Amino acid sequence: MQPLPHGRVRFRHCFAAIALLVAFTAPASAAEQCPVSDAAITKAGGYVQAVTAAVNTEFSCEGAYRILELCQLGSSGDNALSDIVLSKCEPRFLPKAAVATKAAYEKARAKCNKIAEKNEGSMYQGQAAVCIARSGRDFARKYGTKS
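Rules used in this analysis
Residues numbered from 1 in each chain as written. Predicted model: local features only at pLDDT ≥ 70, side-chain atom pairs only at ≥ 80, totals over all residues. Heavy atoms only, no water. Core = buried A, V, L, I, M, F, W, Y, C linked by side-chain atoms within 4.5 Å. Buried < 20%, exposed > 50% of the residue type's maximum accessible area, 1.4 Å probe, protein only. Helix = DSSP H or I, 4+ residues; strand = E, 2+ residues; numbered from the N terminus. Contact = heavy atoms within 4.5 Å. Axes fitted to C-alpha atoms, helices over the stretch in contact; angles between N-to-C directions. Parallel < 35°, antiparallel > 145°, perpendicular 65-115°, else oblique. Nonpolar A, V, L, I, M, F, W, Y, C, P; charged D, E, K, R; others polar. Arc of directions from axis to C-beta. Phe/Tyr/Trp six-rings, centres within 6.5 Å; stacked < 30°, edge-to-face > 60°. pLDDT = per-residue confidence, 0-100.

## Topic: the nonpolar core
By size, the foremost hydrophobic cluster in this structure holds 25 residues, and its most contacted members are V36, V51, V55, Y65, L68 and V85. Looking at this core, the elements that each hand over two or more residues are α3 (47-57), α4 (61-71), α5 (78-89), α6 (99-118) and α7 (122-143). Dropping the residues within four chain positions of it, Y65 is found in contact with V85, V130, A133, R134 and R137.

Here it is in structure tokens:
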């Protein structure tokens, strides 16, 4: 058997390294799925009702946002879910927030609203709503209380 040229050996090692990397990182990078079960959907009378109930019953700001992010409707229906998330996140930081923090929060919300202003359609309203909820979650993380 003839020895492989130097470039071929490198290629084999590189290919093996890439194959191992893909094999071990694929499960870790798998996207999370909406935690609302089929049973919850049936019990609630539909997907929208089940997701709304899940966001409503979630105690934490983080948890409510996570459900919204994973189960978003992709339409203007996300506005109501975003409002629920904000009702859990904003009390953690807004009441005692400094004027500069409140101004930064309003600026972040306005940036999100531009998504729906620049684009027509219910899908963009949903994207803006999720963006606003994310802003509320992010500000609660940074400036909020632990409870």
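Okay, back to it.
## Things to note about the environment of T145
One can find T145 in the segment after α7. In this structure T145 comes out as partly exposed when scored by relative accessible area, which is 39%. Separated by 52 residues in the primary sequence, T145 and F93 place their C-alpha atoms 6.6 Å from one another.

## Some points on the packing of α3 against α5
Relative to each other, α3 and α5 sit at 5°, their axes nearing to 9 Å. Taken as axis vectors, α3 and α5 run roughly parallel relative to one another. Contacts from V51, T52, V55 and N56 of α3 reach α5 at L81, I84, V85 and K88. Among the residues making up the contact of α3 with α5, the classes are represented as five nonpolar, two polar and one charged.

## Description of α3
Burial in α3 covers these residues: A50, V51, A54 and V55. Summarising the axial view, the buried residues of α3 lie within an arc of 130°, below the 170-degree limit, and thus occupy one face.

## Concerning the packing of aromatic side chains
Evaluation of the coordinates by the stated rule reveals four aromatic pairs. Here F93 and F139 contribute two aromatic rings whose centre-to-centre distance is 5.9 Å and whose plane-to-plane angle is 35°, an arrangement assigned as tilted. Of this pair, F93 sits in the loop between α5 and α6 while F139 sits in helix α7, and the two are 46 residues apart along the sequence. For F139, a relative accessible area of 13% puts it in the buried group. The rings of F93, Y105, F139 and Y143 are connected pair by pair, giving a single aromatic cluster.

## What to know about the confidence of the model for the protein chain
Considering every residue of the protein chain, the mean pLDDT works out to 85; 78% of them sit at 70 or more. Counted against residues more than four places away or in other chains, residues 14-29, with its pLDDT under 50, gives zero contacts.

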